[in-house]
Amino acid sequence: MTSGPLVVSTWNHGRAANEAAWALLSEGGDSLDAVEAGARAVETDPSFTSVGFGGLPDREGEVTLDALIMNHEGDCGAVSCLREVRHPISVARKVMEDTPHVMLTGKGALQFALEQGFEREDLLTEYAEERWRKSLENEDFKPIANVEDHDTVGVLALDASGRLAGACSTSGLAGKMSGRVGDSPIAGAGLFVDGEVGVACATGVGELAMRALSSFFMVQLMRDGASPQEACEQAIRRVVEKQDIGDSQLGVLALDIQGRVGSYAIREGFTFATRTPVSDVVNPSSHQAQ
Ligand code: SD4
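Let me sum up the structure you'll find in this document. Values in this document were obtained by computation on a predicted structure and should not be read as measured data. (Residues numbered from 1 in each chain as written. Predicted model: local features only at pLDDT ≥ 70, side-chain atom pairs only at ≥ 80, totals over all residues. Heavy atoms only, no water.)

Attention now goes to the overall build of the chain. Within the chain, the regular secondary structure consists of eight helices and 12 strands. Whereas a compact globule of 290 residues would reach a radius of gyration of roughly 19 Å, the chain reaches 17 Å, a difference of no more than 12%. By its C-alpha atoms, the chain is 55 × 45 × 35 Å across when sized along the principal axes. For the chain, the proportion of its 290 residues judged to be buried stands at 59%. (Helix = DSSP H or I, 4+ residues; strand = E, 2+ residues; numbered from the N terminus. Rg over C-alpha atoms; globule rule 2.2 N^0.38 Å. Buried < 20%, exposed > 50% of the residue type's maximum accessible area, 1.4 Å probe, protein only.)

This is the structure we're talking about:
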């Protein structure tokens, strides 16, 4: 017995992701196709300035993208530091399905994407360029996650056949150093799927999740019997106890094979969107007391 279909996605823009994913899930579609479609919907919309086309650039003014996709069998594909391709999640899926590798990065990722027929285009919008130029005037400029309520999109789905899948896609932290790669394309850090147990993802300052392998940790906790909510809370607690979090934000989201959902964050502001046969909502996440 399964309680799918169901899809949950990070932040307010998760609603747009869910809508695209739901179009497939509600027709009996596969969770992997659904999470890819969900991420693509956010990647292509320039009003979401932390993912795909229109994403805010690094310190040198370059838009570089990270993405990861995983299926219920634990297969995964990722790209990091990918330039000039609007849909990194689809390139990541190609890496998973058509290469013996898990991740391609930088120039090689672009070369592979072009060979696969992806179009090359300028991803820096006027708005993003203006924001970047302004940021250069501020010498103390540092990346801050969670100031605008839209960050990495993480899409977690359970389909009607009980298959779990996950996808995440991001332009990373605005103003990051050139060459910086975050948690999102790293299996176990930004996203992890165990088809028998659950799927989890992270958003916010990626370094926090990379040091703790937060997504793998959450899925392992669920394997050991924790509910998704307990797993999320323990993962955030672990980060707060072991790392100097400063004023950083990290939000986590988890879905188990029974269709139960959990979320938690270091501080206020993290939201996630849920779509089921009976609801289509954006929820504020619970968070640690500050
Ligand atoms: C990163 N976790 O690159 C991603 C980006 C994000 O706040 O979620 N932005 O660190």
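If you trace the eight strands from one edge of the open sheet to the other, you get 4-3-2-6-5-1-11-12, paired in mixed fashion. Bordering the open sheet on either side are strand 4 (103-105) and strand 12 (280-284), each of which pairs with just one other strand. Each strand of the sheet is rotated relative to its neighbour by a mean of 10 degrees, with strand direction disregarded. The pairing of strand 2 (residues 65-70) with strand 3 (residues 76-82) spans five bridges and is antiparallel. Following the sheet pairing, Ala 67 is matched in strand 3 by Val 79. In the packing of helix 2 (residues 31-43) onto the sheet, contacts are made with strand 2, strand 5 (153-158) and strand 6 (164-170), and the angle to strand 6 comes to roughly 20 degrees. (Pairing = 2+ DSSP bridges. Axes fitted to C-alpha atoms, helices over the stretch in contact; angles between N-to-C directions. Contact = heavy atoms within 4.5 Å.)

The four strands lie next to each other as 7-8-9-10, forming an open sheet whose pairing is antiparallel. Either end of the sheet is taken by a strand with one partner, and the two such strands are strand 7 (191-194) and strand 10 (261-265). Averaged over all neighbouring strand pairs, the angle between strand axes comes to 10 degrees, with direction disregarded. Note: strand 7 against strand 8 (residues 198-204), four bridges, orientation antiparallel. The residue of strand 8 that forms the bridge with Leu 191 is Cys 201. Contacts from helix 7 (residues 214-223) reach strand 7, strand 8 and strand 9 (250-256), with the element oriented near 150 degrees to strand 8. This element, helix 8 (residues 228-242), spans strand 9 and strand 10 of the sheet and lies at about 20 degrees to strand 10.

Another aspect to go through is the site of the ligand. Of all residues adjacent to the ligand, which total 13 residues, the nearest are Asp 151, Thr 152, Arg 180, Asp 183 and Gly 204. Between the ligand and the protein, one listed contact pairs a nitrogen atom with a side-chain N or O atom of Asp 183 at 2.7 Å. Protein burial of the ligand: of its 290 Å² of free accessible surface, 99% is covered by the chains. By residue class, the composition of the shell around the ligand is two nonpolar, eight polar and three charged. (Near = heavy atom within 4 Å. Polar contact = N/O pair within 3.5 Å; in protein donor to acceptor, adjacent residues only side chain to side chain. Areas by Shrake-Rupley, 256 points an atom, 1.4 Å probe, with all protein chains shown as cover. Nonpolar A, V, L, I, M, F, W, Y, C, P; charged D, E, K, R; others polar.)

All right, on to the environment of Arg 83 then. As for its position among the elements, Arg 83 is in the loop between strand 3 and helix 3 (88-98). A relative accessible area of 25% places Arg 83 in the partly exposed class. As for Arg 83 and Gly 106, which are separated by 23 residues in sequence, their C-alpha atoms are 7.2 Å apart. Those residues within four positions of Arg 83 in sequence are excluded, and the remaining contacts are Glu 62, Val 63, Thr 64 and Leu 110. Reaching out from Arg 83, the side chain makes a polar contact with the side chain of Glu 62 at a distance of 2.9 Å.

This part is about the pattern of salt bridges. Counted by the stated rule, this structure contains 17 salt bridges. Two residues, Arg 237 and Glu 233, come together in a salt bridge whose shortest N-O distance is 3.5 Å. Here Arg 237 and its partner Glu 233 are both found in helix 8, four residues apart, which amounts to about one turn of the helix. (Salt bridge = Lys/Arg side-chain N within 4 Å of Asp/Glu carboxyl O.)

Attention now moves to the packing of aromatic side chains. For the structure on display, the rule yields two aromatic pairs. The interplanar angle of 80 degrees and the centroid separation of 5.1 Å between the aromatic rings of Trp 11 and Phe 270 together place this pair among those described as edge-to-face. With Trp 11 in the loop between strand 1 (6-10) and helix 1 (14-25) and Phe 270 in the loop between strand 10 and strand 11 (271-275), this pair connects stretches of sequence that are 259 residues apart. A single burial state applies to Trp 11 and to Phe 270, both of which are buried. Relative to Phe 216, the ring of Phe 192 has its centre 5.1 Å away and its plane inclined at 80 degrees; by these criteria the two rings are edge-to-face. Highlighted residues: Phe 192 in strand 7 and Phe 216 in helix 7, separated in sequence by 24 residues. Look at Phe 192 and you get buried, because its relative accessible area is 18%. Phe 216 sits in the partly exposed class, given a relative accessible area of 34%. (Phe/Tyr/Trp six-rings, centres within 6.5 Å; stacked < 30°, edge-to-face > 60°.)

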